[in-house]
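Observations on chain architecture
Here are the chains, one letter per residue:
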Amino acid sequence: MSIRVERDKETGVAVVTLDRPEKHNAVTLDMARELGAVWRGFRYEDEVRAIVVTGAGDRAFCTGIDREDAGRIPQPSSPYTIDDPLLTLGPKANDLWKPVIAAVEGMACGGAFYLLGEAEFVIAGENAAFFDPHTTYGMVSAFETIHMARKMPYGEVARMALMGTAERVSARRAYETGLVSELTGPGGALDAARAAAAVIASHPTEAVQGTVRALWSVDEAARAQALAHASHLVTLGNQPPERQAELFTRRRGGYRLR
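Notes on the structure follow. (Residues numbered from 1 in each chain as written. Predicted model: local features only at pLDDT ≥ 70, side-chain atom pairs only at ≥ 80, totals over all residues. Heavy atoms only, no water.)

1. What about the overall build of the protein?
- Within the protein, the regular secondary structure consists of ten helices and eleven strands.
- In summary, the protein has a C-alpha radius of gyration of 18 Å against a globular reference of 18 Å for 258 residues, a match within 12%.
- Dimensions of the protein, computed from C-alpha atoms along their principal axes, come out at roughly 50 × 40 × 35 Å.
- Here the protein, with 258 residues, has 49% of them falling under the buried criterion.
- Residue pairs at least 24 apart in sequence account for 76% of intrachain contacts in the protein once pairs closer than 6 positions are excluded.
- Total accessible area computed for the protein in this model is approximately 12000 Å², and 54% of it derives from carbon and sulfur atoms.
- Between the centroid of the 29 positive side chains of the protein and the centroid of its 33 negative side chains there is a distance of 4 Å. (Helix = DSSP H or I, 4+ residues; strand = E, 2+ residues; numbered from the N terminus. Rg over C-alpha atoms; globule rule 2.2 N^0.38 Å. Buried < 20%, exposed > 50% of the residue type's maximum accessible area, 1.4 Å probe, protein only. Contact = heavy atoms within 4.5 Å. Areas by Shrake-Rupley, 256 points an atom, 1.4 Å probe, with all protein chains shown as cover. Lys, Arg positive; Asp, Glu negative; His and termini not counted. Charge placed at Lys NZ, Arg CZ, Asp CG, Glu CD.)

2. Quick look at the side chain of Asn94
- In this structure, Asn94 sits in the loop between helix H2 (67–70) and strand E5 (100–104).
- The class of Asn94 is buried, set by a relative accessible area of 5%.
- Within the structure, Asn94 has its side chain in polar contact with the side chain of Arg40 (distance 2.7 Å).
- For Asn94, the side chain forms a polar contact with the main-chain oxygen of Thr88, separated by 2.8 Å.
- The residues touching Asn94, leaving out its near neighbours within four places in the chain, are Gly36, Trp39, Arg40, Arg43, Thr88 and Leu89. (Polar contact = N/O pair within 3.5 Å; in protein donor to acceptor, adjacent residues only side chain to side chain.)

3. Some remarks on the sheet that holds strand E7 (residues 121–125)
- Spatially, the six strands line up as an open sheet ordered E1-E2-E3-E5-E7-E10, and their pairing is mixed. One side of each edge strand has no neighbouring strand; the edge strands of this open sheet are strand E1 (3–8) and strand E10 (182–184). Looking at each pair of strands side by side, their axes are set apart by 20 degrees on average, direction ignored.
- Taken together, the four bridges between strand E3 (residues 50–55) and E5 define a ladder with parallel strand orientation. Note that in E5 the partner of Thr54 across the bridge is Ala103. (Pairing = 2+ DSSP bridges. Axes fitted to C-alpha atoms, helices over the stretch in contact; angles between N-to-C directions.)

4. Re the sheet that holds strand E6 (residues 107–109)
- Strands sit in the order E4-E6-E8-E9-E11 across an open sheet of five strands; the sheet is mixed. In this open sheet, the two edge strands, each paired with only one partner strand, are strand E4 (60–62) and strand E11 (256–257).
- Taken together, the two bridges between strand E8 (residues 129–131) and strand E9 (residues 167–170) define a ladder with antiparallel strand orientation. The partner of Ala129 across the bridge, within E9, is Ser170.
- This element, helix H5 (residues 154–163), spans E8, E9 and E11 of the sheet and lies at about 140 degrees to E9.

What follows is the structure, encoded as structure tokens:
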């Protein structure tokens with residue numbers, strides 16, 4: 001499979017790697033199911049006390065769902081529901097309250113925000129870049145923007161979502177606006193995330209998990225309400241699949257790095 005898990009019994013840190021670098025670590029349906037099972041399994045592994053999630057290679061952390069697989073998901077006709085395999089991609093969606101740190105190198109876009117949004121904090125190499133292509137391709141950015149609203153100021157989230165592929169947020173800008181908590185040299189994000197996770201894992205796990213839960217309780221009600229509306233916005237606002245495909249094939253060649 002394309003999810004790799006390494007466990008360090010000495011430090012109590014597990015590293016979860018999206019291992020599909022030749023496809024920019026795009027998530028297939030099988031990968032989404034496997035990753036959900038990994039998060040749920042960690043709930044029973046007392047020796048794992050902190051987790052790092054990352055992507056293989058230096059070109060991308062994750063570029064969302066694989067477009068070929070996305071086309072294989074039948075959707076109900078009702079505007080009140082949607083079948084989205086990425087809804088349970090993150091640790092919190094799988095009832096895991098052990099701390100998760102995201103280590104980002106290269107591109108992080110679209111569905112990657114399901115993971116970044118449910119991480120406690122993000123460490124990125126200077127080569128990282130963040131963007132949201134949905135509007136460019138005639139799709140509503142709902143779940144992604146809701147996740148990012150916990151991490152970034154409103155104006156930054158809105159600009160990233162509305163500009164689509166025309167603009168990418170540099171690692172430096174992401175650090176300045178709070179999405180990224182630590183900036184490293186290219187290739188250094190994983191080591192820095194491992195070191196931070198090892199410190200956290202050395203503390204009593206009950207206190208750590210209680211702290212994570214307390215932090216999430218601050219805006220959990222508002223987030224849950226926003227997510228409840230997201231499926232309606234997606235089904236009502238998305239262009240038909242054939243129009244999305246047309247826009248995708250006409251993608252712009254350039255973008256501005258900010």
